[in-house]
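A look at the structure
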Amino acid sequence: MQRWRGLEEIPADWGRSVVTIGSFDGVHRGHQLIIGRAVERARELGLPTVVVTFDPHPREVIRPGSHPPLLAPHPRRAELIAELGVDAVLVLPFTTEFSKESPETFVQQVLVDALHARVVIEGPNFRFGHKAAGDVALLTELGRADDFQVEVVDLQVCGTAGDGEPFSSSLTRRLVESGDMTGANEVLGRPHRVEGVVVRGAQRGRELGYPTANVQTVPHSAVPADGVYAGWLTAEGERMPAAISVGTNPTFDGTARTVEAYAIDRVGLDLYGLHVAVDFLAYLRGMEKFDSIEALLDRMADDVKRARELTDAV
């Protein structure tokens, strides 16, 4: 899959294509429907599929300081999109100047002049251009004038997560924030992931017999609620069952919030400086302050046992 940042990276000889546009944070099951339809339509026409997204999140530019927690950083988002069969991802730098472009200018510059869109696939609530003035109706009208079709896909997928609320990035963020990994993973169609570089911490886990990878997460990451989780730690392509702690280590009067993953039954791992991924499968318990190290160790042994059972069952 080709990856372009900015219109200038699109090959000069790029021909007609099928395009879909959106933030696609998390590439959840609703997003998968719309991207999947774009890929299907492109194959019918013998054309490539292009997904257009933005960086940073438009909300941060329009209202600085309001950047939402990210369900997937852009490199991970591109990986997930590639798995759906997309041919190219175009990341458009979202600037103040860009945010002021009219819907008509956006369509002309991006869809017509740069990507030569033949078909544009969007959801019913798609908005674009300055102050989100453009909608599907306007896009359809512009398409008739500029020789591209617009197809609207109903991406309102529902399940048990959020009491049947339609799947969305905002719902997923709320579920993650509350520690409801069962619900979040239902929306995503896979375990929620955070990524980052392993840094040196207090090394208490090593002293207690449970050495953990202290993960310095990517900025704006959607980190689950404080607690202990079952999941996996992936480093250098190896996926290892893990017991994961999120919080401030109250037993030791900690103040910094950390994400620490213990790779179950692994000895001698040296992960410092590596970029790793932590996938959250299930919530085990809340963060607790124990009266003694012995009580903490007993609970940690139980946490590891439950995490091993849950990951083995998947």
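Look a little higher up for the structure.
Now for a description of the structure that goes with this document. (Residues numbered from 1 in each chain as written. Predicted model: local features only at pLDDT ≥ 70, side-chain atom pairs only at ≥ 80, totals over all residues. Heavy atoms only, no water.)

Attention now goes to the layout of surface pockets. The space that makes up the largest pocket amounts to roughly 1,200 Å³. Taken together, 42 residues form the lining of the largest pocket, with Gly-22, Ser-23, Asn-125, Phe-126 and Arg-127 sitting closest to its centre. Secondary structure elements with two or more residues in the lining of the largest pocket: β2 (17-21), α1 (29-45), α2 (58-62), α4 (96-99) and α7 (169-178). (1 Å grid on protein atoms, 1.4 Å probe; cavity = no way out; pocket = protein on both sides within 12 Å on 5 of 7 lines; lining within 4 Å. Points joined across faces, edges and corners; volume = space filled by probe spheres on them. Helix = DSSP H or I, 4+ residues; strand = E, 2+ residues; numbered from the N terminus.)

By the criterion of burial, strand β5 (residues 117-122) is predominantly enclosed, with five of the six residues buried. Summarising the sheet, β2 and β5 pair through three bridges and their orientation is parallel. Bridge assignment links Ser-17 to a residue of β5, and that residue is Ala-117. Between β5 and its parallel partner strand β6 (residues 149-152), the chain crosses via helix α6 (residues 136-146), and the hand of that crossover is right-handed. (Buried < 20%, exposed > 50% of the residue type's maximum accessible area, 1.4 Å probe, protein only. Pairing = 2+ DSSP bridges. Right-handed = clockwise from strand over helix to strand, strands pointing away.)

The subject of this paragraph is the packing of helix α5 (residues 103-114) against α6. Taken N-terminus to C-terminus, the directions of α5 and α6 make an angle of 55°; their axes are 11 Å apart at the nearest point. As far as their axial angle goes, α6 and α5 are oblique. Where α5 crosses over α6, the two elements pack in a sense that is right-handed. Across the interface between the two elements, Pro-103, Glu-104, Val-107, Gln-108, Leu-111 and Val-112 from α5 touch Leu-138, Leu-139, Leu-142 and Asp-146 from α6. Class assignment of the residues belonging to the contact of α5 with α6 gives a composition of seven nonpolar, one polar and two charged. (Axes fitted to C-alpha atoms, helices over the stretch in contact; angles between N-to-C directions. Parallel < 35°, antiparallel > 145°, perpendicular 65-115°, else oblique. Left-handed = near helix turned anticlockwise from the far one by under 90°. Contact = heavy atoms within 4.5 Å. Nonpolar A, V, L, I, M, F, W, Y, C, P; charged D, E, K, R; others polar.)

With that out of the way, let us pick up the packing of aromatic side chains. Evaluation of the coordinates by the stated rule reveals ten aromatic pairs. Centre to centre, the rings of Phe-54 and Phe-98 are 6.2 Å apart; their planes meet at 50°, and the pair counts as tilted. Residue Phe-54 is found in strand β3 (residues 49-55), and its partner Phe-98 is found in helix α4; the two are separated by 44 residues along the sequence. Of the residues examined, Phe-54 reaches a relative accessible area of 12% and is grouped as buried. Between the aromatic rings of Tyr-229 and Tyr-283, the centroid separation amounts to 5.4 Å while the plane-to-plane angle is 75°, which identifies the pairing as edge-to-face. On the criterion of sequence distance, the pair formed by Tyr-229 in strand β9 (residues 227-235) and Tyr-283 in strand β12 (residues 275-285) is long-range, its members being 54 residues apart. Linked through ring pairs, Phe-54, Phe-94, Phe-98, Phe-106, Phe-126 and Phe-128 together constitute an aromatic cluster. (Phe/Tyr/Trp six-rings, centres within 6.5 Å; stacked < 30°, edge-to-face > 60°.)

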